[in-house]
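Residues per chain are reported as follows:
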Amino acid sequence: SQSARLSALQENVDRSTRHIDWPTVGDRHQYPSEIFNADVFDRRTMASTLPKPIYQAFTKQMQGHNKLDRSTADAVAHAAKVWAMNKGATHFTHWFQPQTGTTAEKHDSFLTLKSQIVDGQEETYAIDHFSGGQLLQAEPDASSFPNGGIRSTFEARGYTVWDTLSPMFIRRGPHGTATLYIPSVFISYNGEALDEKTILLRSNEVVSRAAVGLLRVLGDTETQRVSTTLGCEQEFFLIDRAVYNLRPDLKITGRTLIGVPPPKHQQLEDHYFGQIPSRVLACIAEAEYELARIGVPVKTRHNEVAPNQFEVAPIFEGSSIAVDHNLATMEVLHQVAHRHKLKVLFHEKPFKGVNGSGKHANWSLQTDGGDNLLDPTSSPQTNYRFLLVLVAILDAVYKHGDLLRATIASASNEHRLGANEAPPAIVSAFLGSQLSEVLNAIEENRPVAEHTPTVQGVSVGGTTLDLKISSMPPIARDLTDRNRTSPFAFTGNKFEFRAVGSKQSPSFPIVVLNAAVAQSFIEVTAALKAAQADKEAPSEEDILSVIRLFAISSKKIRFEGNGYSDEWIVEAEKRGLPNLKACTDAFKRLLEPHNSNLLTSLGVLSQSELSSRYHIMVEKYAKDLVIEANTLSALINNGVLPAAFSYRKDLADSINSQATAGVEATPEKKLLVALTNGCMALTEASEKLDAFIEKVEGLHEEEQGEAAGTLLTAAMEEVRSHADALEKKVADKYWPFPKYTELLF
Ligand code: ADP
Ligand code: MG
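Residues numbered from 1 in each chain as written. Chains lettered and ligands numbered in written order. Predicted model: local features only at pLDDT ≥ 70, side-chain atom pairs only at ≥ 80, totals over all residues. Heavy atoms only, no water.

Right, let's get into empty space enclosed by the protein. This model, assessed by the stated rule, comprises two cavities of 30 Å³ or more. Roughly 100 Å³ of volume is contained in the second largest cavity. In terms of lining, the second largest cavity is formed by 14 residues, of which the most central are C232, P314, H325, N326 and T329. Of all the secondary structure elements, the ones that give two or more residues to the lining of the second largest cavity are strand 12 (226-240), strand 14 (309-314) and helix 11 (319-339). For the lining of the second largest cavity, the residue count by class is eight nonpolar, five polar and one charged. (1 Å grid on protein atoms, 1.4 Å probe; cavity = no way out; pocket = protein on both sides within 12 Å on 5 of 7 lines; lining within 4 Å. Points joined across faces, edges and corners; volume = space filled by probe spheres on them. Helix = DSSP H or I, 4+ residues; strand = E, 2+ residues; numbered from the N terminus. Nonpolar A, V, L, I, M, F, W, Y, C, P; charged D, E, K, R; others polar.)

What follows deals with the layout of surface pockets. In this structure, the second largest pocket occupies an estimated 1,200 Å³ of space. Lining the second largest pocket are 43 residues, with T100, G101, T102, K503 and K620 positioned closest to its centre. Put simply, the parts of the chain that give the lining of the second largest pocket at least two residues each are helix 9 (248-253), helix 11, strand 16 (342-345) and helix 19 (607-660). For the lining of the second largest pocket, the element with the highest residue contribution is helix 19, accounting for eight residues. Its residues assigned to classes, the lining of the second largest pocket shows 17 nonpolar, 15 polar and 11 charged.

Our focus in this paragraph is the coordination of the magnesium ion (ligand 2). Tetrahedral coordination by four donors sets the ideal angle at the metal to 109.5 degrees; octahedral coordination by six donors sets it to 90 or 180 degrees. Only E233 (OE) and E496 (OE) from the protein reach the magnesium ion (ligand 2) as donors, at distances of 2.3 to 2.7 Å. One end of the pair, E233, is in strand 12; the other, E496, is in strand 24 (residues 495-497), with 263 residues separating them in the sequence. No difference in accessibility class separates E233 from E496, as the two residues are buried. (Donors = N, O, S within 2.8 Å, 3.2 Å for Na, K, Ca; no water. Buried < 20%, exposed > 50% of the residue type's maximum accessible area, 1.4 Å probe, protein only.)

Further remarks concern the site of ligand 1. Around ligand 1 sit 13 residues in total, of which T229, P314, F316, N362 and K494 are the nearest. One nitrogen or oxygen atom from the main chain of P314 is found 2.6 Å from an oxygen atom belonging to ligand 1. Between ligand 1 and the protein, one listed contact pairs an oxygen atom with a side-chain N or O atom of N362 at 3.2 Å. Relative to its unbound accessible surface of 550 Å², ligand 1 loses 72% to contact with the protein. Looking at the shell around ligand 1, the elements with two or more residues in it are strand 12 and strand 17 (359-367). Looking at the shell around ligand 1 residue by residue, the class counts come to four nonpolar, five polar and four charged. (Near = heavy atom within 4 Å. Polar contact = N/O pair within 3.5 Å; in protein donor to acceptor, adjacent residues only side chain to side chain. Areas by Shrake-Rupley, 256 points an atom, 1.4 Å probe, with all protein chains shown as cover.)

Quick look at the pairing of strand 9 (residues 158-162) now. With five of its five residues buried, strand 9 lies for the most part within the structure. Bridge count for strand 8 (residues 137-138) against strand 9 is two bridges, and the pairing is antiparallel. For A138, the partnering residue across the bridge sits in strand 9 and is T160. (Pairing = 2+ DSSP bridges.)

Between helix 7 (residues 197-217) and helix 11, whose axes approach to 9 Å, the crossing angle comes to 155 degrees. As far as their axial angle goes, helix 11 and helix 7 are roughly antiparallel. Helix-helix and strand crossings are classified by hand; for helix 7 and helix 11 the assignment is right-handed. Residue-level contacts link K197, L200, L201 and N204 of helix 7 to S319, S320, V323 and D324 of helix 11. (Axes fitted to C-alpha atoms, helices over the stretch in contact; angles between N-to-C directions. Parallel < 35°, antiparallel > 145°, perpendicular 65-115°, else oblique. Left-handed = near helix turned anticlockwise from the far one by under 90°. Contact = heavy atoms within 4.5 Å.)

Another aspect to go through is the nonpolar core. Of all hydrophobic cores here, the largest spans 131 residues; its most connected members are L390, I393, F521, I547 and L712. At 17 residues, the largest contribution of residues to this core is made by helix 19. When residues of this core are assigned to domains, at least three fall in each of domain 2 (203-432 + 481-605) and domain 3 (619-744). Ignoring sequence-local partners within four residues, the contact set of I547 consists of Y384, L387, L388, V391, L439 and I442. Listed in part, the 28 residues of the second largest apolar core include F41, M46, W83 and M168. (Core = buried A, V, L, I, M, F, W, Y, C linked by side-chain atoms within 4.5 Å. Domains from an automatic or database assignment.)

To continue, consider the pairing of strand 17. Most of strand 17 is tucked away, with eight of its nine residues classed as buried. Bridge count for strand 12 against strand 17 is nine bridges, and the pairing is antiparallel. The partner of T229 across the bridge, within strand 17, is S364. Two strands pair when backbone bridges link them, and strand 17 and strand 24 are joined in this way by three bridges, in the antiparallel orientation. Across the sheet, N362 pairs through a bridge with E496, a residue of strand 24.

Positive phi is not limited to glycine here, since D119 has a value of about 50 degrees. Take D119: it is sitting in the loop between strand 6 (111-118) and strand 7 (121-128). With relative accessibility at 77%, the residue D119 sits in the exposed group. The phi torsion at H175 lies on the positive side, around 50 degrees, for a residue other than glycine. Relative to the assigned elements, H175 resides in the loop between strand 10 (169-172) and strand 11 (178-188).

So, about the packing of aromatic side chains. Ring pairs (aromatic) are described by centroid distance and by the angle formed between their planes. Overall, the coordinates contain 22 aromatic pairs when judged by the stated rule. Seen from the ring of Y31, R28 lies directly overhead, with NZ or CZ sitting 3.8 Å from the centre. Over the aromatic face of F508 sits the side chain of R613, whose NZ or CZ is 4.5 Å from the ring centroid. (Phe/Tyr/Trp six-rings, centres within 6.5 Å; stacked < 30°, edge-to-face > 60°. Lys NZ or Arg CZ within 6 Å of the ring centre and 35° of its normal.)

Entries for the protein chain in the domain assignment read domain 1 (31-195), domain 2 (203-432 + 481-605) and domain 3 (619-744). Measuring from the centre of the C-alpha atoms in domain 1 to the corresponding centre in domain 3 gives 50 Å.

So, about helix 21 (residues 701-729). The end-to-end C-alpha distance of helix 21 is 40 Å, a good match for the 42 Å that 29 residues give at a rise of 1.5 Å each. The sharpest bend along helix 21 measures roughly 40 degrees and falls at A707. (Expected span 1.5 Å × (residues − 1). Bend = angle between axes of the 7 residues up to and from the residue.)

Tallying each qualifying case throughout the model produces 43 salt bridges. In this structure, the salt-bridge partner of E437 is R446, at a minimum N-O distance of 2.8 Å. What makes E437 buried here is its relative accessible area of 15%. (Salt bridge = Lys/Arg side-chain N within 4 Å of Asp/Glu carboxyl O.)

What follows is the structure, encoded as structure tokens:
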């Protein structure tokens, strides 16, 4: 009721900043470097707690990606248990990533009962025990996780297996509880991937092999592995819990289904990079502290463009760890926000008319020697390498842009993509004017036009690179070019996949990117070998010819202009680039032969894993929309219409009493008519919505997604427009739900 709303607003106003005691050493604060990894059973801790031969065996098995043998596992488990118990842990859990976008865990105590015969009597006693078997593998009841039909109902078994590349850590909970977390993969009885991690690890292997193959042709005999690196910038909203609690739509669906956008929000651009509000700073700082302890290297925090919107970004890491850490970041923020009486919203579009949230996935490739393959350097040798890697990535994005689009499709991200704030549903790649000119020059077999990077007309210089071919002037590493409208942008020494949703796991988008790039590496390598023919190694001319070949064939994916413009939509269509506006159309691309062949031939996903993933995505999409529609319907019937009716009744009473007093209540009558019309329109729209919900719920799973995407989305929009019109008319004191201005300021 409106009184609940008013007291929630009061609570929000009265709220003070939660006090946190920053940990100290002696009489000074702990340094960030001292906090970092404090609760991680990292390699250094392992080296100091394990017998040397065991540590060596572990390292060897981990690097070879072999399963640990039993005695090594037992010894590691024992050392981990002692370490964890000394830090207060009582429980352990495998921590895994089912296809829900979040993580799952099931805690078990170290407590074990033993019995012994004492004086002829059996006596039970307790010990703390953790075996290698328990460390390596657990068997959660898997039937309740999404599997898209991979396991038939009689085979509900799934296994979680420790991913030894990701270290164990301790997470602390309320009242001093502490649990040992074991990052794990989640697979079916037959070894099929049921999770996000297994496929990411596979794709990392595949891209590593393909990249090493390319490096070999270029004469690199040293590099044994190439890893993918990832840094996820995470955007989110923080709002007060009291007002949040009175918004069933936010609580159930993560976004507001009704609400009039405020007259002032980011138009004034006074929030972005502004001073972080103290309640928020306290919350983010506490989350960062907890994250640092478990090894998440959060580096940056700042206000984002919308009111109440913020961002944290980590130092980049190997992509599998980076995904673990991004998920941990979301979970820790969620928990810590609670303590600060705040609610964190990860939904891509919680508020209509207000900027949404994304997760920019910064991605690159790094050799085991520490070279970033996307870093243009000053040595000509590595610049050929750089250009070959670059055109291979363009080729990958060109051939599988539709697949990349599918990986970011969801009911929630749909509101953001193409909404003039996030990249459109058309996948293109941005290089910046300097690199574009280099590729164009190579293509046209002409010298590169003189280029000096400028900011607002002022030359800012840049690192120059010598391509060492007589016709090639130096390339400058241009850091000034930025294009925020591109879904896939080169930013100096990495690509930034910007269309990834704030709420989703970054895993699948990276899996597909890795796979597509691996395939293009294989093709570039083959082209180099063909050009080299029976020579020892490809000549400069051979290499340039291959760069030219791939620069030309992938040229359509390059777009430097405004991705938000209508001209781009027309231009993209001319180029034949897919513009997959509907999620359901995007999902279908997973099963297109050119995409499914890519994933299956490389062994990243099997056909049945792929089709199960497809079903999970379609089903989730339909479910999300049906839940939203039902939530909206309840909101209207239980909150909006009753509020309007109360107001109408009071107006009618007032008109009557004025008539008795002999006064003509003209304005009230006018308003009463308008309200009546508004209520009627809302009632009809809401009835239509209810009918559609029933229709969609009655459909077969295959058809549900499409029907939900068309019928429900449109019907919800219509209901909302009438509800929002009423919000503007109904007197403030009748309105039960906190309004946008109350949620956001
Ligand atoms: P910008 O987006 O302005 O370039 P930063 O340089 O701060 O901003 O980088 C943004 C994110 O990109 C950070 O999370 C950072 O760790 C990550 N990043 C930087 N270099 C790489 C790399 N080589 N591979 C993957 N991520 C990277
Ligand atoms: Mg960035």
